[in-house]
Amino acid sequence: MTTSPQAGQPQKKSTFSTTMQRSFTNLHIFAYQRTGGTIGGNLGGKPMLLLTTTGRKSGKAHIIPISYFPDGERFIIIASNWGAPKHPQWWLNLQAHPQTQIQVGRNTLTVVATEAMGEEQQRLWSLITTKYPNFLDYQKKTTRKIPVVILTPQ
């Protein structure tokens, strides 16, 4: 459910919108996997990776394309959920199962996900929001603290 900004009333996301979003995501994953990231490896000027999570309830593998920010050998992802009031499902899944896999280009890596804290969180957030200020807009839209997630290769 989303909230209508005018009435403040809960509003169901349209079936058409949800279907289109899922179709685009599935096409993105398909193209990325088949081309090793040549297609789908960059979206809107941001590098993309494929993140596989294990469902915290279902135990099933879920793959999502997500933008990342390199930090040395680590990969930084932001659990912004476009400023929605709730965390994205992939972040909840990573909290339950932090060891996972990512595909970056043609390379598949095993990584461990941790949330950046303290000075490290501030440093990473500052670097990312300086280059991509849309994350500041997302933070303004929500009362939750948007997690900065570090994916460290094993």
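Computed from a prediction, not measured in an experiment: that's the story for all the values here.

S.K.: Break down helix α3 (residues 118-131) for me, citing the residues and quoting the values.
M.R.: Between its first and last C-alpha atoms α3 spans 21 Å; for 14 residues at 1.5 Å apiece the expected length is 20 Å, and the two agree. Regarding α3, the residues found buried are Gln121, Leu124, Trp125, Ile128 and Thr129. Each buried residue of α3 sits inside an arc of 120 degrees when the element is viewed along its axis, so together they form one side. In α3, the exposed positions that point more than 90 degrees away from the buried face belong to Glu119, Gln122, Leu127, Thr130 and Lys131. Those residues of α3 that are buried are in contact with β6 (69-71), β7 (74-78), α4 (134-141) and β10 (148-153).

S.K.: Provide a residue-level description of the packing of aromatic side chains, including the pertinent values.
M.R.: The full count for this structure, using the stated rule, is four aromatic pairs. On the numbers, 5.4 Å between centres and 50 degrees between planes, the contact of Phe69 with Tyr132 is tilted. Placement of Phe69 in strand β6 and of Tyr132 in the loop between α3 and α4 is noted, with a sequence separation of 63 residues between them. You'll find Phe69 and Tyr132 in the same group, each marked buried.

S.K.: Let's hear about the environment of Pro153: which residues, and what values?
M.R.: Inspection of the secondary structure assignment puts Pro153 in strand β10. Not counting chain neighbours up to four residues away, the residues in contact with Pro153 comprise Glu73, Arg74, Phe75, Thr110 and Val111.

S.K.: Help me get a handle on the environment of His28, residues and values and all.
M.R.: For His28, the location among the structural elements is in helix α1 (residues 15-35). Relative accessible area serves as the criterion here: at 9%, His28 is assigned to the buried category. With 94 residues separating them in the primary sequence, His28 and Gln122 have C-alpha atoms 31 Å apart. When neighbours within four sequence positions are excluded, His28 is seen to be in contact with Gly40, Leu43, Met48 and Pro65.

S.K.: Break down the pattern of salt bridges for me, citing the residues and quoting the values.
M.R.: Enumeration over the complete set of coordinates arrives at three salt bridges. As a salt-bridge pair, Arg74 and Asp71 come within 2.5 Å of each other at their nearest N and O atoms. Given a relative accessible area of 16%, Asp71 falls into the buried group. The partner of Arg123 in a salt bridge is Asp71, and the shortest N-O contact between them spans 3.1 Å. With Arg123 in helix α3 and Asp71 in strand β6, this pair connects stretches of sequence that are 52 residues apart. We classify Arg123 as partly exposed; its relative accessible area is 37%.

S.K.: Account for the environment of Arg56, naming residues and giving values.
M.R.: Mapped onto the elements, Arg56 comes out in the loop between β4 (46-54) and β5 (61-67). Here the alpha-carbon distance between Arg56 and Gly72, two residues 16 residues apart in the chain, equals 29 Å. In contact with Arg56, other than residues within four places in its own chain, are Gln89, Leu92, Asn93, Ala96 and His97. Side-chain polar atoms of Arg56 contact the side chain of Gln89, separated by 3.1 Å.

S.K.: Which residues make up the nonpolar core, and what are the values?
M.R.: Among the nonpolar cores identified, the biggest contains 20 residues, and Leu49, Leu51, Ile77, Trp90 and Leu151 are the most heavily contacted of them. Within the residue set of this core, elements represented by two or more residues are α1, β4, β7, α2 (89-96), β8 (99-104), β9 (107-115) and β10. By size, the runner-up hydrophobic cluster in this structure holds 13 residues, among which are Ile76, Leu124, Phe135 and Ile150.

S.K.: Can you lay out the pairing of β10 for me, pointing to particular residues and giving the numbers?
M.R.: Looking down a regular strand, the side chains alternate between one sheet face and the other. Taken together, the four bridges between β7 and β10 define a ladder with antiparallel strand orientation. Each residue of the ladder has a partner; that of Ile76, found in β10, is Ile150.

About the thresholds
- Residues numbered from 1 in each chain as written.
- Predicted model: local features only at pLDDT ≥ 70, side-chain atom pairs only at ≥ 80, totals over all residues.
- Heavy atoms only, no water.
- Helix = DSSP H or I, 4+ residues; strand = E, 2+ residues; numbered from the N terminus.
- Expected span 1.5 Å × (residues − 1).
- Buried < 20%, exposed > 50% of the residue type's maximum accessible area, 1.4 Å probe, protein only.
- Arc of directions from axis to C-beta.
- Contact = heavy atoms within 4.5 Å.
- Phe/Tyr/Trp six-rings, centres within 6.5 Å; stacked < 30°, edge-to-face > 60°.
- Salt bridge = Lys/Arg side-chain N within 4 Å of Asp/Glu carboxyl O.
- Polar contact = N/O pair within 3.5 Å; in protein donor to acceptor, adjacent residues only side chain to side chain.
- Core = buried A, V, L, I, M, F, W, Y, C linked by side-chain atoms within 4.5 Å.
- Pairing = 2+ DSSP bridges.

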